[in-house]
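Geometric and topological summary
Listed below, chain by chain, are the residues.
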Amino acid sequence: ITVERAELIYVTGEVGRKGGIELGERESMSILQVLTMSGGANNGADLRKTRILRPVLDTSRRAEIQVDVTRILDGKDSDLPLLANDVLYVPRDRKSGVWTKVALYAIPLIPTFILLSIR
C-alpha cells in the first residue's frame, strides 16, 4: 500500500479558519473557493490587499502576487487559481483596526465624561 502525500493550499490572516486546504485530485482551486472553504473573510479583513505567496521553483523564496478580491467578487476581475503550496494571506484593514481600538478605550469613558459635565 502506498499513500501519496496530500497537496495543500494554506490560508492565513483575517479568515474564519486558518490552515491547509487539501487539493485532493485537483491541480488548483480558485481564490473564492479557498476563501469559502476557510470560513470566509472576517469583518476586519482588507480584501483589496490580499496576497498569494507562491513558491519559486528550485528556491526557498516565494513570489508575492497582490490580488483585489473585491474586484473578483464584483465580477470586474477573473478569479485566480491557487496551486499546491500557495499561501493565501488576507490582511487586516488597518483603518478598521484603529477604530476598534478607539471604541474599546473610548466607550467605557463615556459615563465618566457625562458625570463630569453634569457637575
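Thresholds, definitions, all that
Residues numbered from 1 in each chain as written. Predicted model: local features only at pLDDT ≥ 70, side-chain atom pairs only at ≥ 80, totals over all residues. Heavy atoms only, no water. Helix = DSSP H or I, 4+ residues; strand = E, 2+ residues; numbered from the N terminus. Buried < 20%, exposed > 50% of the residue type's maximum accessible area, 1.4 Å probe, protein only. Contact = heavy atoms within 4.5 Å. Core = buried A, V, L, I, M, F, W, Y, C linked by side-chain atoms within 4.5 Å. Pairing = 2+ DSSP bridges. Axes fitted to C-alpha atoms, helices over the stretch in contact; angles between N-to-C directions. Polar contact = N/O pair within 3.5 Å; in protein donor to acceptor, adjacent residues only side chain to side chain. 1 Å grid on protein atoms, 1.4 Å probe; cavity = no way out; pocket = protein on both sides within 12 Å on 5 of 7 lines; lining within 4 Å. Points joined across faces, edges and corners; volume = space filled by probe spheres on them. Nonpolar A, V, L, I, M, F, W, Y, C, P; charged D, E, K, R; others polar. Salt bridge = Lys/Arg side-chain N within 4 Å of Asp/Glu carboxyl O.

**A look at the environment of leucine 23**
Tracing the backbone through its elements, the reader meets leucine 23 in the loop between β2 (19–22) and β3 (28–30). Judged by its relative accessible area of 2%, leucine 23 is buried. Remark: the alpha-carbon pair of leucine 23 and leucine 83, spanning 60 residues in sequence, is separated by 8.4 Å. Not counting residues up to four positions away in its chain, the partners in contact with leucine 23 are Glu7, Ile9, Ser28, Met29, Leu83 and Ala84.

**Re the nonpolar core**
Within soluble globular proteins, side chains that are nonpolar generally end up buried alongside one another. By size, the foremost hydrophobic cluster in this structure holds 18 residues, and its most contacted members are Ile31, Val34, Leu35, Leu82 and Leu88. Listing elements by their share of this core, those giving two or more residues are β1 (8–13), α1 (31–37), α2 (69–73) and β7 (87–90). No other element matches α1, which puts 3 residues into this core. Here leucine 88 is in contact with Tyr10, Val11, Thr12, Ile31, Val34, Leu35, Thr50, Arg51, Ile52 and Leu82, once residues within four sequence places are set aside.

**Here we look at the sheet that holds β2**
Taken in spatial order, the 5 strands line up as β2-β1-β7-β4-β5 in an open sheet, and their pairing is mixed. In this open sheet, the two edge strands, each paired with only one partner strand, are β2 and β5 (62–67). The average angle at which neighbouring strand axes cross in this sheet is 25°, direction not considered.

**A closer look at the environment of asparagine 42**
With respect to the element layout, asparagine 42 can be found in the loop between α1 and β4 (50–55). Between the C-alpha atom of asparagine 42 and that of valine 90, which follows or precedes it by 48 residues, the distance is 9.2 Å. Every residue in contact with asparagine 42, bar those within four places of it in the chain, is listed here: Glu14, Val15 and Gly16. Polar contacts involving the side chain of asparagine 42 include one to the main-chain carbonyl oxygen of valine 15, which spans 3.3 Å.

**Observations concerning the layout of surface pockets**
A volume near 190 Å³ is recorded for the largest pocket. Lining of the largest pocket is provided by Asp46, Arg48, Lys49, Pro91, Arg92, Asp93, Arg94 and Lys95. Broken down by class, the residue content of the lining of the largest pocket amounts to 1 nonpolar, no polar and 7 charged.

**Details of the pattern of salt bridges**
Summed over all chains, the structure comprises 5 salt bridges. Glutamate 14 is the partner of arginine 92 in a salt bridge, and the nearest nitrogen-oxygen pair spans 3.4 Å. On the criterion of sequence distance, the pair formed by arginine 92 in the loop between β7 and α3 (94–106) and glutamate 14 in the loop between β1 and β2 is long-range, its members being 78 residues apart. Here arginine 92 falls in the partly exposed class, since its relative accessible area comes to 47%. Taking the shortest distance from any N to any O, the salt bridge between arginine 71 and aspartate 77 comes out at 3.0 Å. Its relative accessible area of 35% is what places arginine 71 among the partly exposed residues. According to the relative accessible area criterion, aspartate 77 is partly exposed, its value standing at 33%.

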